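Chain residues, written in single-letter form:
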Amino acid sequence: MKRVFSGVQPTGNIHIGNYLGALKQFVELQNDQECLYCIVDLHSITLPQDPKELRSHTLDVAALYWAVGIDPKKSIIFVQSDVPGHSELAWILTCNAYTGELSRMTQFKDKSRGQESAPAGLFTYPILMAADILLYDTDIVPVGNDQKQHIELCRDIAIRVNNKHKGTFTVPDGRFLKEGARVMALDEPDKKMSKSAENAFSRISLLDDDNKIKKSIMRATTDSDGIIKYNPSEKSGISNLLTIYSAFTGVSIESLEKKYDGCGYGDFKKDLVEAAVTALKPIREQFNEIRHSQELIDALKNGAERANAISEKTMKRVKENFGLGI
Ligand code: AQP
């Protein structure tokens, strides 16, 4: 059995990009691997957050984990700040990372754009992410394509530390899906779909009602040639919608192109609305059932205990290997 770790930031409601790129993998993997799924609240404070909203979003993400099918009896679900090892290991890794490699991270460049002076946490965020992964001797990290660079950095740091202190870390591998690995914004299909984008119609959140789903899809940017063909570089809008359709239904993009050959974008979008509404309705219903339940809180407490037990073993080994403490 391999160990799997991944996380989602509680920066807003999870959207279909997070779901199709990451969460769907989380659910698949829990049946035959040992899985830890974290709500990475320490990551979210790299940008200012309202404390009340942050706590509420943390519970929303936990309930959504459950609602999409992550079973707390099979997987360890927990909140990052409930396990002190994440911050402790992050410092040790910070001393083994270089400012040059951090400044090459495209997510830092994107998120700090336009700011005269960005928070240092935004710059060191990938180190905390490496700590999250290495703390659990993780073998597999299921994530969307946007995290490829961060996974590479995590591997580089692990290998670097192992070269100095043999056997300290397990070197993990990223796991990326073929369909859904990068879902783009509906209004600007050259940018990735994001929780924190200002335009709510740029994304479909898992908790959107049917009407919002319909409006978001019907308004989605396409092009003027009216041909349903997958070509991300020249037809990014319709290619994105094909990706979403395929990821929701399991029908290949090729088959969708054949099915909609000669049809207009309007008909295609109507069918996509139906596919999205059908897929998201049961998730919303399950979410409403558990979001305010004691069961959810109990699952998170139990998850934190189990995660702490694993992380303490790693920290003991790391400190021994680094000569820290007595
Ligand atoms: N557009 C996307 N397509 C496919 N996968 C995606 N992921 C994020 N956006 C897409 C994957 O979802 C997981 C959780 O992401 P995150 O919450 O840790 O942070 P993020 O990548 O920064 O996601 P957002 O939605 O864009 O949040 P904000 O707006 O707060 O920055 C990751 O596995 C990620 O790859």
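All of these numbers come straight from a predicted model, not from anything done at the bench.

Q: Describe the overall build of the protein chain, and please don't skip the residues or the numbers.
A: What the protein chain contains, in helices and strands, is 13 helices and five strands. Its C-alpha atoms give the protein chain a radius of gyration of 20 Å, within 12% of the compact-globule value 20 Å for 326 residues. Expressed as lengths along the three principal axes of its C-alpha atoms, the size of the protein chain is roughly 70 × 45 × 40 Å. Sorting the 326 residues of the protein chain into buried and exposed places 52% on the buried side. If you take every contact in the protein chain between residues at least 6 apart in sequence, the share linking residues at least 24 apart comes to 76%. Accessible surface, the protein chain: about 15500 Å² in total, of which carbon and sulfur atoms supply 49%.

Q: Let's hear about the site of the ligand: which residues, and what values?
A: In the vicinity of the ligand there are 24 residues, among which K111, D146, S194, K195 and S196 approach most closely. One nitrogen or oxygen atom from the main chain of G144 is found 2.8 Å from an oxygen atom belonging to the ligand. For the shell around the ligand, the secondary structure elements donating two or more residues are strand 1 (3-8), helix 1 (16-29) and helix 6 (106-112). No other element matches the four residues that helix 1 contributes to the shell around the ligand. Here the residues of the shell around the ligand sort into six nonpolar, 13 polar and five charged.

Q: Explain the side chain of T168 to me, and be specific about the residues and the numbers.
A: You can see T168 is positioned in the loop between helix 8 (148-164) and strand 5 (173-175). Looking at T168, its side chain comes within polar contact range of the main-chain oxygen of H165, at 2.6 Å. If sequence neighbours within four positions are ignored, T168 has contacts with V161, N162, R317, V318 and N321.

Q: Report on empty space enclosed by the protein, specifying residues and quantitative values.
A: Per the stated rule, a full pass over the model turns up one cavity of 30 Å³ or more. Lining the largest cavity, in full, are M105, Q107, F108, K111, L122, Y125, P126 and H150. Residue assignment for the lining of the largest cavity shows that the elements contributing at least two residues are helix 6 and helix 7 (120-134). Counted by class, the lining of the largest cavity contains five nonpolar, two polar and one charged residues.

Q: Give me the lowdown on the nonpolar core, citing residues and values where you can.
A: Side chains of nonpolar character tend, in soluble globular proteins, to be buried together. Core analysis: the biggest nonpolar cluster contains 59 residues, and I16, L23, Y65, L206, I244 and F268 have the highest contact counts within it. With 11 residues, the single largest contributor to this core is helix 12 (residues 265-290). When sequence neighbours within four positions are dropped, the list of residues in contact with Y65 reads G7, V8, L23, F26, Y37, C38, I39, I70 and I77. In this structure, A131, I133, Y136 and A307 belong to the second largest nonpolar core, which totals 41 residues.

Q: Residues and numbers for helix 7, please.
A: Taking 1.5 Å per residue, 15 residues should reach 21 Å; helix 7 reaches 22 Å between its end C-alpha atoms and fits that length. The sharpest bend along helix 7 measures roughly 40° and falls at P126. Most of helix 7 is tucked away, with 12 of its 15 residues classed as buried.

Q: How would you summarise the packing of helix 3 (residues 51-68) against helix 13 (residues 294-322) if you had to cite specific residues and measurements?
A: Between helix 3 and helix 13, whose axes approach to 11 Å, the crossing angle comes to 95°. Relative to helix 13, helix 3 is oriented roughly perpendicular. Packed against helix 3, whose contacting residues are L59, A62, A63 and W66, the element helix 13 presents E295, L296, I297, A299 and L300 at the interface. Taken together, the residues of the contact of helix 3 with helix 13 sort by class into eight nonpolar, no polar and one charged.

Q: Give me the pairing of strand 3 (residues 76-79): which residues, what numbers.
A: Of the two faces of strand 3, the one carrying I76 and F78 and the one carrying I77 and V79 are both buried. In the sheet, strand 2 (residues 34-39) pairs with strand 3 via four bridges, with the strands oriented parallel. Considered in strand 3, the bridge of Y37 is made with I77.

How each quantity is defined
- Residues numbered from 1 in each chain as written.
- Predicted model: local features only at pLDDT ≥ 70, side-chain atom pairs only at ≥ 80, totals over all residues.
- Heavy atoms only, no water.
- Helix = DSSP H or I, 4+ residues; strand = E, 2+ residues; numbered from the N terminus.
- Rg over C-alpha atoms; globule rule 2.2 N^0.38 Å.
- Buried < 20%, exposed > 50% of the residue type's maximum accessible area, 1.4 Å probe, protein only.
- Contact = heavy atoms within 4.5 Å.
- Areas by Shrake-Rupley, 256 points an atom, 1.4 Å probe, with all protein chains shown as cover.
- Near = heavy atom within 4 Å.
- Polar contact = N/O pair within 3.5 Å; in protein donor to acceptor, adjacent residues only side chain to side chain.
- Nonpolar A, V, L, I, M, F, W, Y, C, P; charged D, E, K, R; others polar.
- 1 Å grid on protein atoms, 1.4 Å probe; cavity = no way out; pocket = protein on both sides within 12 Å on 5 of 7 lines; lining within 4 Å.
- Points joined across faces, edges and corners; volume = space filled by probe spheres on them.
- Core = buried A, V, L, I, M, F, W, Y, C linked by side-chain atoms within 4.5 Å.
- Expected span 1.5 Å × (residues − 1).
- Bend = angle between axes of the 7 residues up to and from the residue.
- Axes fitted to C-alpha atoms, helices over the stretch in contact; angles between N-to-C directions.
- Parallel < 35°, antiparallel > 145°, perpendicular 65-115°, else oblique.
- Pairing = 2+ DSSP bridges.

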